[in-house]
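Listed here are the chains, written in short residue letters.
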Amino acid sequence: MPDQSYAARRAEQLVNRAFPDHPTLPPTLACDGVAFVIDAGEPAPDLRPLRDRVFQIRRGPLTTLGKGPDLVLVTFTCPTHLDPGCLARALPLAGSSAGTLRSFAEAGTWADDRDRARPGHVHRRVELWWGGSRHLIAVEALPAISIATLWDMPSVTVHRPVTRIVGVSPGRRTSRSGMPIGEHRTGPSRVSHARIPLAHGGKDVVAEMDAYLEDLQTRTRLSSILRQVGARLRGAMPSEQARQEPGILQNLAGWLRWHSPFGNSIQRQFGERVSHVDRLIASGNIDAALKLALRLGAQKAGAKPPSRFPAQLPRARATLDFDVAPTLHSAPILGDGTFYHVRQRYLELARRLEKEGDWRRAAYIHSQLLADNREAVLVLERGEQYAEAAKLALGARLQPALTIRMLFKDGQRDAALALARRTGCFEQLAEDSRGKDATYHAYVVKAWTDMLVSTGQILRALQVTDALAREAGTGEALLPVRQRWLAAAVAAEEPTELGGELLARALFAASWRDEGIDIRMLDTFPFIPVSSDGGPFAKALASLQHLARGEAEDAAERLIALIADFMRIGAPDAIEQKSFWRGAAPRLIEPLARSIFEHASARLKPADLKSLQALLRIAGLPVLAADVMKLTKLHQAISAPALSWRVPPPSVIRPAIRSACLLATGTMLIWRESDVLELLDRYGASLWRQSVSGIVGLVPIGASPNVILIQRQPDGSALLTRLASHRRTLHPIGSVALAAHHDVTSESQWLVQIGGEIGAIDLVKMCAPAPQIEFLWSCALTDRLQARGFAHQAGGCSWITQDMSAERFGITEIWTFRPSGELVASLCLPGSSSGDESGPHATEWFWDSNAERGRLGSVDSGRWMRVVPWSEDGEDQARALASARRKAGLEVRYDVQPCDFARSFVRIAKAQPGEADGPSQIDILAPCSGKPLITLVQDDGAPLTCLFRAADSDSGSARANSTQRASTLLFGDEAGRLFIVRPHERRVSVI
């Protein structure tokens, strides 16, 4: 039967290959990619739900003939579980170590993870089972589609602030600097028209009023007025004092009028008014008394009263509304004990009205008659009149924490949250509400952690909720949320390279019974068979064993730092840590202590031994703790490394590094002039690289693994892109006219200058899935001012400007936007210890907390600048000095090194002229004190360039991971080397 045998052979050839055991992979599998087979011309599926994990998208014909359906290939940055309801038509793909993505599997192979590709592995081929046959396609043969299409077009919102002029004379609308001295109101935050000095809790009002009256009596004496005349003639009166003093002629005229027969009538009228108000109060006519009552208290800060001597009685008030508008009112001169009698009468009336439940009139007395707006707000709060209290707190510019509390109690939660984000005072809110109002405290902490998690600062969110997690009631409710945060934070770190704090948290929070690790297996520590590719617990245990075996390059330092992390975070009574301390702690901490003595004994200090001894006691190891106590008496630590470190000559030449930054995870991001953007681990090993051109800045976002890439465009604008370093993905933000920016961010704000606006960008909206560039607050800036530096100071967000106009060329000013919404301007006047203000001007300055105390120091010389409040006399002096320096041809342009977040500053002493081959010296100095921490000496070649100065890990809102980021500095040279300098350890690593 030859025909039949031919048909059989033909049928066998048509079958081509055996049908696979699993033609599609199970939907529960964590896949490395997905494939879609769709008709040609059909729109691609909606991949936006997975966009944060998408590595690349490609689309092309399924067959080589170019006819038939299209193949859409999507690969992920890490194994991803698919939602069947979201992508119903998706074919899951599993990658192999050979670089092939498959949609099918033979018997059992899809369940075997030993051949699976690691995250970030390059896939070269895709093999599909479709239409009864296999299709093998090269990935590079499919045209690529930009993943930017998965995001909506970014929107740029730059609000136009309404400028309001305060603190200047009625005839002047702006200062001569060209920038209004006032406040710029933004967004949902309601800011009223007042500018009252910020009130602080715990003030002794009586003592302050006594000091004010004593000063008032001194200044109104004829001898004081004559001394004022002599001081002005000699030019010896300080400019800031001259700004607050009334004019000489006004004082003389007022004194003569008050001490002449013409003044008897005015004094008698004041006495009669006081007596009349007393009678009205006694008769119960409170409204009439309050309308006629004299207002006590100092005048508005910074204002210039027309005279110390009133010429007539103040008019009666038409209404009893709260009026916090700027006023030139000065406390009246009341002889003998009349002032104290009137003040005591006001206080008694306020207390009586409060007892009777008349909260508003009681608050009115404190606010309008005694000039104590904070107490007025507290009175309204006690009376549960929260709306009126919030309005008064906003108008009087009281502490933002008090205003936010009133808004919350009034039910205006959106406004409260907006004001908290605008002022960045979450930490103060949490401290003020802790132990008082549980509901309000929970709201504050949730708003704070939501902001942190949305910007990728997950470790900081864990730190914020530590206190709540240790409480019996809230600890259990927070446990699942904190476990999710912990898993996300650990996933962002490199395997076996967890920071000490994350490592300790992962071990403490693990449920040891549910992690598949028998407690008895800890007897083999540090050789427990565990994979670093598992969950948070497995990754932490693998990283700890890596350290305990001494395999890490800096194992000694990290082991010693781990002792402090265990002691700081450990809480045996906390719900999430009970499983660790009751079972695993003794078996794990004892071998860990032995490893510390084996690998880090030479670096241990007495304080480290005491901490280790305390940790052993907590873990239930008293015998070993006693042995450590004996060793403490015998142990001698090695001497500290030398203060000076000599830069070795380069052995190879590579493209120079032009931008760099250090992330909270310990990884570093660098950009070389060859247009290569590269991510390095803490030891300098390359983790990821990509070609990116035109980088002019790398700004890490708080304590997150995210970085803002700034690329200069041909039209002069800046393209902003967010790099998620833990996922190796780039997320476009938008293009703006970025003129200047801060090199670090706070938890919630990034200080920038965009066009003519200086302000704080909202990091939450910038890091959102649909990014927006939006100012939390901003101030208008004239074209003649150039921003030289930004800083997050204790008094508020600040920036330094230099005037480039012809009449004010070189004048330097510091602007501070206080949390209360007040914009304060200060002048920087050259000065020195010898009083010479005309000598050579420094070209580089360091900006630390001393600036708030009136001093700005130079980096490269012993000179300094006086920081004084802006005034007319100070403006004249600054103009005269600037003109003299310009005529002398002295340098007026300079650079500023902000030292916010306790950052060190750098002084580079270059070789002198004629000594081109002489050594260069780079000193790294501590802020405020200027104490040298370490010195780098370079024999030849161009000096090193400081690329990045990291924030201290203990400096408030810029907290980082353990000691990996603490005060670390990055330098580069023309040979392409990267220098990692840790000043406090006096350690330098060269990559």
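S.K.: For this particular structure, what's the right way to read the overall build of the protein chain?
M.R.: Within the protein chain, the secondary structure is distributed over 26 helices and 39 strands. Per-residue burial for the protein chain yields a buried fraction of 52% across its 991 residues. The long-range fraction of contacts in the protein chain, counting pairs at least 24 apart against all pairs at least 6 apart in sequence, stands at 60%. On the protein chain, roughly 44,300 Å² of surface is accessible, and the fraction owed to carbon and sulfur atoms is 53%.

S.K.: Before we go on, may I ask you to explain the packing of aromatic side chains in this structure?
M.R.: In this description, a pair of aromatic rings is defined by centroid distance and the angle of the planes. Counted under the stated rule, the structure contains 11 aromatic pairs. With centroids separated by 5.2 Å and ring planes inclined at 80°, the aromatic side chains of Phe508 and Phe566 adopt a geometry described as edge-to-face. Of this pair, Phe508 sits in helix H19 (residues 500-509) while Phe566 sits in helix H21 (residues 555-569); the two residues are 58 residues apart in sequence, bridging distant segments of the chain. For the pair Phe508 and Phe566, a shared accessibility class is recorded, and that class is buried. Here the aromatic residues Phe508, Phe566, Phe580 and Trp581 are joined through ring pairs into a cluster of three or more.

S.K.: Would you explain the sheet that holds strand E5 (residues 100-102) in this entry?
M.R.: Hydrogen bonding along the main chain pairs the strands of a sheet, whether they run parallel or antiparallel. Read from one edge of the open sheet, 8 strands run E7-E6-E5-E4-E1-E3-E2-E8, paired in mixed fashion. Strands at the two margins of the open sheet, each flanked by one partner only, are strand E7 (133-138) and strand E8 (144-145). Inspection of the sheet shows strand E2 (residues 54-61) paired to strand E3 (residues 70-80) by 7 bridges, in the antiparallel sense. Looking at the pairing, Pro61 lines up with Asp70 of E3.

S.K.: What should I look at first to understand the pairing of E7 in this one?
M.R.: Remark: a regular strand shows side chains that alternate across the two faces of the sheet. When strand E6 (residues 125-130) meets E7, the two strands line up antiparallel, connected through 6 bridges. Within the sheet, the bridge partner assigned to Glu127 lies in E7 and is Leu136. The antiparallel hairpin formed by E6 and E7 contains 2 residues in its connecting segment, where Gly131 sits at a positive phi of about 65°.

S.K.: What should I look at first to understand the nonpolar core in this one?
M.R.: A general tendency of soluble globular proteins is for nonpolar side chains to be buried together. Grouped together as the largest cluster of nonpolar side chains are 116 residues, with contacts concentrated most on Tyr346, Ile365, Leu507, Phe566, Phe580 and Leu616. At 10 residues, the largest contribution of residues to this core is made by helix H22 (residues 578-600). Ala660, Ile670, Trp688 and Phe901 belong to the second largest nonpolar core, which has 28 residues in total.

S.K.: I'm lost on the pattern of salt bridges in this one. Help?
M.R.: For side chains bearing opposite charge, pairing can occur when the charged atoms are close. Going through the model one piece at a time under the given rule, you end up with 41 salt bridges. Among the salt bridges present, the one from Asp70 reaches Arg59, with a minimum N-O distance of 3.4 Å. Residue Asp70 is located in strand E3, and its partner Arg59 is located in strand E2; the two are separated by 11 residues in the primary sequence. Both residues of the pair, Asp70 and Arg59, count as buried. One salt bridge connects Arg903 with Asp900, and the closest N-O pair in it is separated by 3.0 Å. Here Arg903 matches Asp900 in class, with each residue buried.

S.K.: Got a minute to help me understand the confidence of the model for the protein chain in this structure?
M.R.: Note: predicted coordinates in regions of low pLDDT should not be interpreted at a detailed level. The pLDDT averaged across the protein chain works out to 75; a share of 72% of its residues lies at or above 70. Overall, residues 155-223 carries pLDDT values under 50, and its contacts beyond four positions in sequence, including any with other chains, amount to 171 contacts. For residues 326-330, every residue scores under 50 in pLDDT, and the model assigns this stretch 16 contacts once sequence neighbours within four places are set aside.

S.K.: So what exactly am I meant to see when it comes to helix H23 (residues 606-618) here?
M.R.: Because an α-helix packs 3.6 residues into every turn, residues spaced three or four apart end up facing the same way. Taking 1.5 Å per residue as the helical rise, H23 with its 13 residues ought to reach 18 Å, and the 19 Å between its terminal C-alpha atoms agrees with that figure. Among the residues of H23, those classed as buried are Asp608, Leu609, Leu612, Gln613, Leu615 and Leu616. The buried side chains of H23 occupy one side of the element, clustering within an arc of 160° when seen end-on. The outward face of H23, more than 90 degrees from its buried face, is lined by the exposed residues Pro606, Ala607 and Lys610. As for H23, its buried residues are in contact with H21, H22 and helix H24 (622-634).

S.K.: Please explain the pairing of strand E24 (residues 772-780) as it appears in this structure.
M.R.: E24 sits mainly inside the fold: 7 of its 9 residues count as buried. Of the pairings in the sheet, the one linking strand E23 (residues 757-762) to E24 comprises 5 bridges and is antiparallel in character. Paired with Ile761 across the strands is Phe775, a residue of E24.

S.K.: I tried to follow the sheet that holds strand E16 (residues 686-691) on my own but got confused; where do I start?
M.R.: Read from one edge of the open sheet, 4 strands run E13-E14-E15-E16, paired in antiparallel fashion. Among the strands making up the open sheet, the edge pair consists of strand E13 (657-662) and E16. The mean inter-strand angle of the sheet, taken between neighbouring strand axes irrespective of direction, is 15°. Inspection of the sheet shows strand E14 (residues 668-672) paired to strand E15 (residues 676-680) by 5 bridges, in the antiparallel sense. Its bridge partner lying in E15, Trp671 is registered against Leu677.

S.K.: Explain the packing of helix H14 (residues 426-433) against helix H15 (residues 438-454) to me, please; I cannot follow it from the model alone.
M.R.: When two helices pack together, their arrangement is given by the angle between the helix axes and by the axis-to-axis distance. Where H14 contacts H15, the axes come no closer than 9 Å and their chain directions differ by 155°. Compared by their axis directions, H14 and H15 come out roughly antiparallel. Remark: the crossing between H14 and H15 carries left-handed chirality. Between H14, through Phe426, Glu427, Leu429, Ala430 and Ser433, and H15, the contact on the second element is made entirely by Tyr440, His441, Val444, Ala447, Trp448 and Met451. Along the lines of polarity and charge, the residues of the contact of H14 with H15 split into 8 nonpolar, 2 polar and 1 charged.

S.K.: What should I look at first to understand the environment of Thr28 in this one?
M.R.: Along the chain, Thr28 falls in the loop between helix H1 (2-15) and strand E1 (31-38). Separated by 55 residues in the primary sequence, Thr28 and Asp83 place their C-alpha atoms 8.9 Å from one another.

S.K.: Teacher, can you tell me more about helix H9 (residues 359-369) here?
M.R.: The element H9 is extensively covered by neighbouring structure, given that 8 of its 11 residues are classed as buried. Listing the buried residues of H9 in full gives Ala362, Ala363, Tyr364, Ile365, His366, Ser367, Gln368 and Leu369. Looking one or two residues past H9, Ala371 carries a phi angle of roughly 55°, positive in sign.

S.K.: Looking at this structure, I do not really get the environment of Arg689. What am I missing?
M.R.: Position of Arg689 relative to the elements: it lies in strand E16. Measuring from C-alpha to C-alpha, the distance between Arg689 and Leu679 comes to 6.2 Å, with 10 residues separating the pair along the chain. With residues up to four places along the chain from it excluded, the contact list for Arg689 reads Val676, Leu677 and Glu678. In terms of polar contacts, Arg689 uses its side chain to reach the side chain of Glu678, at 2.7 Å.

Conventions adopted
Residues numbered from 1 in each chain as written. Predicted model: local features only at pLDDT ≥ 70, side-chain atom pairs only at ≥ 80, totals over all residues. Heavy atoms only, no water. Helix = DSSP H or I, 4+ residues; strand = E, 2+ residues; numbered from the N terminus. Buried < 20%, exposed > 50% of the residue type's maximum accessible area, 1.4 Å probe, protein only. Contact = heavy atoms within 4.5 Å. Areas by Shrake-Rupley, 256 points an atom, 1.4 Å probe, with all protein chains shown as cover. Phe/Tyr/Trp six-rings, centres within 6.5 Å; stacked < 30°, edge-to-face > 60°. Pairing = 2+ DSSP bridges. Core = buried A, V, L, I, M, F, W, Y, C linked by side-chain atoms within 4.5 Å. Salt bridge = Lys/Arg side-chain N within 4 Å of Asp/Glu carboxyl O. pLDDT = per-residue confidence, 0-100. Expected span 1.5 Å × (residues − 1). Arc of directions from axis to C-beta. Axes fitted to C-alpha atoms, helices over the stretch in contact; angles between N-to-C directions. Parallel < 35°, antiparallel > 145°, perpendicular 65-115°, else oblique. Left-handed = near helix turned anticlockwise from the far one by under 90°. Nonpolar A, V, L, I, M, F, W, Y, C, P; charged D, E, K, R; others polar. Polar contact = N/O pair within 3.5 Å; in protein donor to acceptor, adjacent residues only side chain to side chain.

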